[in-house]
Amino acid sequence: MALEGLMTEFFGLGTSNTRKRDIETILGNFGQQRGAWKQCLYYLAHTHNSYVSMYCLTTLENIINKQWVGLMPEERTEIRTTLYRFVLENHKVAPYYIRNKLVKLVVDVARLSWPHFYPDFFTNVLSLSRSPDTVLLCIVFLQTISEELACPREELSYSRRTELRRLLSQQVPTMLTLLTGLLEGVVEKHKNAVTATPPPSPTHSHSHSPSRSGLSSSPIQTGSLLSNMFHSLESGPTQRMGWVLPPLDPESETIASLALNCLTHLFSWIPLSSLITPHLLNTIFLFASLGADPQHNRHHNGLLEKSCVSGESLGVLAMGAINEIMSKNCVPHDFEDFLLQMFRNTFQLLQRLVREEPNTTSRLQLLDPSYIDKFSEFLRLFVSVHLRRFENNSQFPVLEFLALLFRYTFRQHCVEAYFNCLDVWSIFLDHLSAKAQGSQEQEGITRYTDALISLARGILHKIQLRHNQAELEELDHEIREDILENNNAYYGELGEGEDVSEWHSFFTRNLELVTKIAELLPDQIFTLVYEPWNDATKIYLSLQSNMVEQDGQRRLNISAEHECPRLHCLLRDLSSLLQAIGRLSTLFLGEELPKRSTTAVQVIEKLVQMANYSTGLKLFEVQTAVEVLHSDFVEVHAQVLSTLRAWVHWLSQLYGQQFVQVFPGGTQTHQHQDTCHTINKQMLVAATSILNVGAPPLIVNCGVHLLLSLSVMVRSPVALEMNQVQSLYVQAPSISSDLKVRGLILRALVNFLLLPWPSFVVDHKLDTRKHHLTSFINSFTSDIRKLDVQRLADDKSMQESWDVTNRVGMCQPITGAARLILAMVGRTQGTDQPAGSHPRHTPITHMIHHGVTPKLCDTLSIIQYQVGELNNTDKASRELYYHCVQDVIHQAILLFPIYVQHTSVCEEILALMVVVMQVLRVQLGPVRVEATIQTFLDVFTTRHHLQLAITADNPAAVRVVDKFLKLLELIVSEPGQSFKRFIPNTITLCMDHIYPIISDHTSPEVKSPLFELLRCLLEHNWKYFFKPSIHISLGAGNWDSIENEAQFIQIMQAFGQSFMQPDISIFKHNLEAMESLNSKYKLYHKGVFRNSLLVHFITVLLQVLVHRSQDLLQEEPKYHVTARCAVIGHDVTTSMLSPS
């Protein structure tokens, strides 16, 4: 057969790609022939080649979906009857994928013809269940019907989709009855082999061997209420739920698997509340129990491997069906019976899962992980959907359920499975927190106090090595210092993600749940954490007695084989508990601050003692018998400083205005001033003393962040009075070789001088602080101030050097705008030279190689962060800081043309200018703002710098363009008239220089900020294109008059072209932008848009819908097409949609 030969050749290993394309063309042409369906049916009946069969079926599928309406009635009938007959004759011998494809084709025909031209379709399918030979085929048909008819393709009309859904809904009770009967038949077939006994009552006492985490049992005790409930249930007609099915024969297993799969899909769309019965639910739970008893099958016959696999597979499928029911928030008519049955089944499954097995710590180890995941998902849905319904019902013992959930949680042997259980508890805690907001706060929580304390204790044991060493030692605990340096979170509170270690992720998930419990029971949970932390701290502070001097070095005199592991566990647990102490500092804020201040002071004093102890002894230098103890000392020291940083929030609130007393005459005093000053000094000592003792980078980094937090949040005059801080002002410019550490120190020292002090301080010493601030900023910005910009720009040898060196720093001549800035700055840095003299400068290449560029970037970054911190400060602080750094800011602007292709410098300059425009725009003044923007525009619009930056494969260059566009966005959003002169140049830059480069490229890094800039330009400068209504009313023009029409159309065309590109984020952004403009300014009703653009926009959006290029946003294009069609009217819309 020629077709068979072509298919064999196509899939042959020696066939070239050219020949395959030729064969594809031949086969495609064959499928387009008028009578191709006849040959396909013939080949299908006479071939045994699976390639040929699949090709014929695929061709028939295309004919049914695309040419069905064009076929004659007798042709449709022949195709339908032939396919149905063929599937009946071959469903047992054909491969499953051929069988499923045949079934789908029959259902596709029904999708187009049932019931009008295919009235016996459903009758034929249901009749298949009457014969054992075709019962499997019946189930396959039912699932395919559910998949294809309940949610048919978009190609069908809305009315036909609605009709199919209505017709299928009428058949659902019959389908459910049939599937339930099939599952019941499997149970009845095997009931004589059942030898299992029902599980013990929840009140039955269990003897538990200790688990590896020491958390095998819950302190929550069960009561007699549950036993009575189960006694009454098991005496009723649903007693069979106590069974456990024996191993199933292959046929029964297949029937049950297919039936459960079909039920799962049905449950995803049918109205469950009127169709789910306790009888059906019991049957599904019976199969779900198979996954919970892998050991039971061994007792039946020795076929452990097969029975375990089949049982767990059916259990997973059954749990999937149950989860579909749970996710729909099902509330049946017999609600109480349903809820009682659901609760009973849940208890029984939980009991089986947490039951001990011989020779193992937990039977959960023997189960399929997929089943555990499904059951945990079921518990999550059960708690989130139904718990609130039965919580206060006396028939439902919630505490006993929590006891089983506790045991299920802490017997998990997979971290992800344990996390899933924590999610269930988190939902329960959210429920309690919501109840606590009501009037019965104490009643709602007191009932669960013991359960919550048990849970918190269990979690705390889970994260300590002395209780859970085996599991914790398996987790990666590597500390990545590069993450810590680039992260503003506290050490140990880095959260989750790919960059943090497994141990940090594990610890954070546990600690956050403990924090949730602590929000409900603050005193009890803090005590649970404080007591072991206090005990470990006492041992830590006594380690000095175990140190000896040896060859001029201190050594820890602990080397016994069993002592070193114990000390390692102690130090690791101490670090964990320190982090918990820091995280729970939020319990002492706000309204709780006054009544818990004594405890807070005790905690901070102990933390300060630990920090001073660690620094004084230099524990990070102590020699140890094993290397791991050295890293443990470093980690504890770093965590102490980070924990102190967490308590800075508490100290800042203690400094708060609510504790200020105002006396007659305006005198102010603070109730806790002495306490605040004392604690502040202690923290400052802890933070500064670590900087000059040669500590490891991790500890120094934590100390510097503590210093920075104190400077930002605790604005107290005591810092400037301390010798340790005063000495830093002298050492700061050269205190550390690490630029990031030095930058953080400089920012903190500037904050001490700059940020306003509390109002109760008598003398703010503004003049003195201003003088010292100016001198200090000059000390670390002197390298920038000394640069002679004009000399650098005129240095021809330097330009040639840069052209040779990868064109990295091509110099630009100083533009007119830059010269204006030079004149305004006054070249203050040149006043130090004698008149007529020129300072000596080295060539720029020499300066680059000797570290000027890194210093320049570092200084600009420090100033950028500092300006950003001024965003929420008063006007006086902004003016003071601007007075100190204005020369640096203007120097940076002048350096921009010189470093235009040095991406790292350009990025820092533009980042600085974005923040300056946001925070110091008023201080900068309109004239300097104009000169600055004009400088950037002049640079970017010459020598193709924008094109080079966008097209270069350099993320840093793209970031430069992004920041430049962000800067322009701030300018065009300004309401002042002085900024309106930049609108024409901005449009020219965007539409003539940037958009042509990116229009045909997938470069969202530039497209997103560009379209956001255009949106802001239109939204804030609508009058640039359309006159305001008051001008129209005065006769200055008609309502549709437009100015700068060419630019407006150019922008709108760019928006329209973006809808034809695949980037979904740009598509959505621009749709929302246009809708916003229409809502605010009636964009679609404007004459220029309605007459020149509207029809094109509608056409583009219709093409998007037809080609389904943005399927994830189907509703948005439909809405916008409707909104635009409403503008042009019914007649025009009809003409657009006509076939012509």
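Residues numbered from 1 in each chain as written. Predicted model: local features only at pLDDT ≥ 70, side-chain atom pairs only at ≥ 80, totals over all residues. Heavy atoms only, no water.

## Points about the overall build of the protein chain
Tallying secondary structure elements over the protein chain gives 55 helices and four strands in all. A total of 1140 residues make up the protein chain; the buried ones form 55% of that total. Put simply, 77% of the contacts in the protein chain that link residues at least 6 apart link residues at least 24 apart. (Helix = DSSP H or I, 4+ residues; strand = E, 2+ residues; numbered from the N terminus. Buried < 20%, exposed > 50% of the residue type's maximum accessible area, 1.4 Å probe, protein only. Contact = heavy atoms within 4.5 Å.)

## Focus on the pattern of salt bridges
Pairing is possible between side chains that carry opposite charge, provided their charged atoms lie close to one another. Enumeration over the complete set of coordinates arrives at 32 salt bridges. For the salt bridge of D523 with R596, the shortest nitrogen-to-oxygen distance reads 3.4 Å. One end of the pair, D523, is in helix α24 (residues 522-540); the other, R596, is in the loop between α25 (563-583) and α26 (597-617), with 73 residues separating them in the sequence. Accessibility expressed as a relative area gives 12% for R596, which makes it buried. Two residues, R959 and E907, come together in a salt bridge whose shortest N-O distance is 2.7 Å. Of this pair, R959 sits in helix α46 (residues 955-972) while E907 sits in helix α42 (residues 903-919), and the two are 52 residues apart along the sequence. The exposure class assigned to R959 is partly exposed, which follows from its relative accessible area of 38%. (Salt bridge = Lys/Arg side-chain N within 4 Å of Asp/Glu carboxyl O.)

## Topic: the packing of helix α9 (residues 158-190) against helix α11 (residues 250-267)
It is the contact of α9 with α11, at a shortest axis distance of 10 Å, that shows an interaxial angle of 150°. Comparing the axis directions of α9 and α11 gives the class roughly antiparallel. Remark: the crossing between α9 and α11 carries left-handed chirality. From α9, M175, L176, L179, L182, L183, V186, K189 and H190 reach across to α11, where they touch E251, S252, I255, A256, A259, L260, C262, L263, L266 and F267. (Axes fitted to C-alpha atoms, helices over the stretch in contact; angles between N-to-C directions. Parallel < 35°, antiparallel > 145°, perpendicular 65-115°, else oblique. Left-handed = near helix turned anticlockwise from the far one by under 90°.)

## Focus: the packing of aromatic side chains
If you walk through the whole model with that rule in mind, you get 47 aromatic pairs. When the centroid spacing of 4.6 Å and the interplanar angle of 10° are considered together, the rings of W1022 and Y1081 count as stacked. Here the residue W1022 occupies a position in the loop between α48 (1004-1020) and α49 (1029-1033), and Y1081 occupies one in helix α51 (residues 1064-1081), the gap between them amounting to 59 residues. One aromatic cluster in this structure is built from F285, F347, Y371, F375, F378, F382, F401 and Y408. Taking NZ or CZ as reference, R80 lies 4.5 Å from the ring centre of Y118, over its face. Positioned above the aromatic ring of W757 is the side chain of R769, whose terminal nitrogen or guanidinium carbon lies 4.3 Å from the ring centre. (Phe/Tyr/Trp six-rings, centres within 6.5 Å; stacked < 30°, edge-to-face > 60°. Lys NZ or Arg CZ within 6 Å of the ring centre and 35° of its normal.)

## A word on the confidence of the model for the protein chain
Per-residue confidence for the protein chain gives a mean pLDDT of 80, with 80% of residues at or over 70. Low pLDDT, under 50, characterises residues 195-242; the stretch is placed with 104 contacts to residues that sit more than four places away or in other chains. Scored below 50 in pLDDT, residues 480-490 shows 26 contacts in the model against residues more than four places distant or in partner chains. (pLDDT = per-residue confidence, 0-100.)

## Topic: the pairing of strand β2 (residues 553-556)
Examined bridge by bridge, strand β1 (residues 547-550) and β2 share four bridges and lie antiparallel to one another. Counterpart to E549 in the pairing with β2 is R554. Between β1 and β2, which pair antiparallel one after the other, the connecting turn spans two residues, and D551 there sits at a positive phi close to 55°. (Pairing = 2+ DSSP bridges.)

## Side note on the environment of L587
Within the secondary structure, L587 is located in the loop between α25 and α26. Assessed through its relative accessible area of 8%, L587 is described here as buried. When the C-alpha atoms of L587 and P522 are compared, they prove to be 6.6 Å apart, with 65 residues separating the residues in sequence. If we skip the residues at most four places from it in the chain, L587 touches A518, E519, P522, E592 and R596.

## Side note on the packing of helix α23 (residues 502-520) against α25
Two elements in contact, α23 and α25, have axes whose closest approach is 11 Å; the angle formed by their N-to-C orientations is 45°. In this view, α23 runs oblique relative to α25, as classed from their interaxial angle. Of the two possible hands of crossing, α23 and α25 adopt the one that is right-handed. Note on element contacts: α25 touches α23 through R572, S576, Q579, A580 and R583, opposite W503, F507, L511, E512 and T515. A per-class count over the contact of α23 with α25 returns four nonpolar, three polar and three charged. (Nonpolar A, V, L, I, M, F, W, Y, C, P; charged D, E, K, R; others polar.)

## Brief notes about the nonpolar core
In terms of nonpolar packing, the biggest core is built from 369 residues, with F121, F267, F287, Y408, W650 and M1052 touching the most fellow members. Element by element, the count of residues in this core is highest for α9, at twelve residues. (Core = buried A, V, L, I, M, F, W, Y, C linked by side-chain atoms within 4.5 Å.)

## A short note on α11
An α-helix turns once per 3.6 residues; consequently, residues spaced three or four apart project the same way. Compared with the 26 Å implied by 1.5 Å per residue over 18 residues, the 26 Å span of α11 between its first and last C-alpha is a close match. Two or three places before E251, at the opening of α11, D249 has a side-chain oxygen 3.1 Å from that residue's backbone nitrogen. (Expected span 1.5 Å × (residues − 1). Polar contact = N/O pair within 3.5 Å; in protein donor to acceptor, adjacent residues only side chain to side chain.)

## Topic: unusual backbone geometry
Between W114 and the following residue, P115, the backbone shows a cis peptide bond with an omega angle of 0°. Here P115 lies in the loop between α6 (96-113) and α7 (121-127). Although it is not a glycine, K618 sits at a positive phi angle of roughly 50°. Tracing the chain through its elements places K618 in the loop between α26 and α27 (627-646). One non-glycine residue, N1044, lies in the positive phi region at around 55°.

## Brief notes about the state of the cysteines
The tally for this structure, following the rule as stated, stands at zero disulfides. You can see C56 has no disulfide; the closest cysteine sulfur is in C40, sitting 4.5 Å from it. (Disulfide = S-S within 2.5 Å.)

## Considerations on the side chain of T134
Its place among the elements puts T134 in the loop between α7 and α8 (135-149). What makes T134 buried here is its relative accessible area of 14%. With near-sequence residues (within four places) excluded, T134 lies in contact with H91 and L128.

## Looking at the environment of N329
Within the secondary structure, N329 is located in the loop between α14 (304-327) and α15 (335-354). With near-sequence residues (within four places) excluded, N329 lies in contact with V385, R388 and R389.

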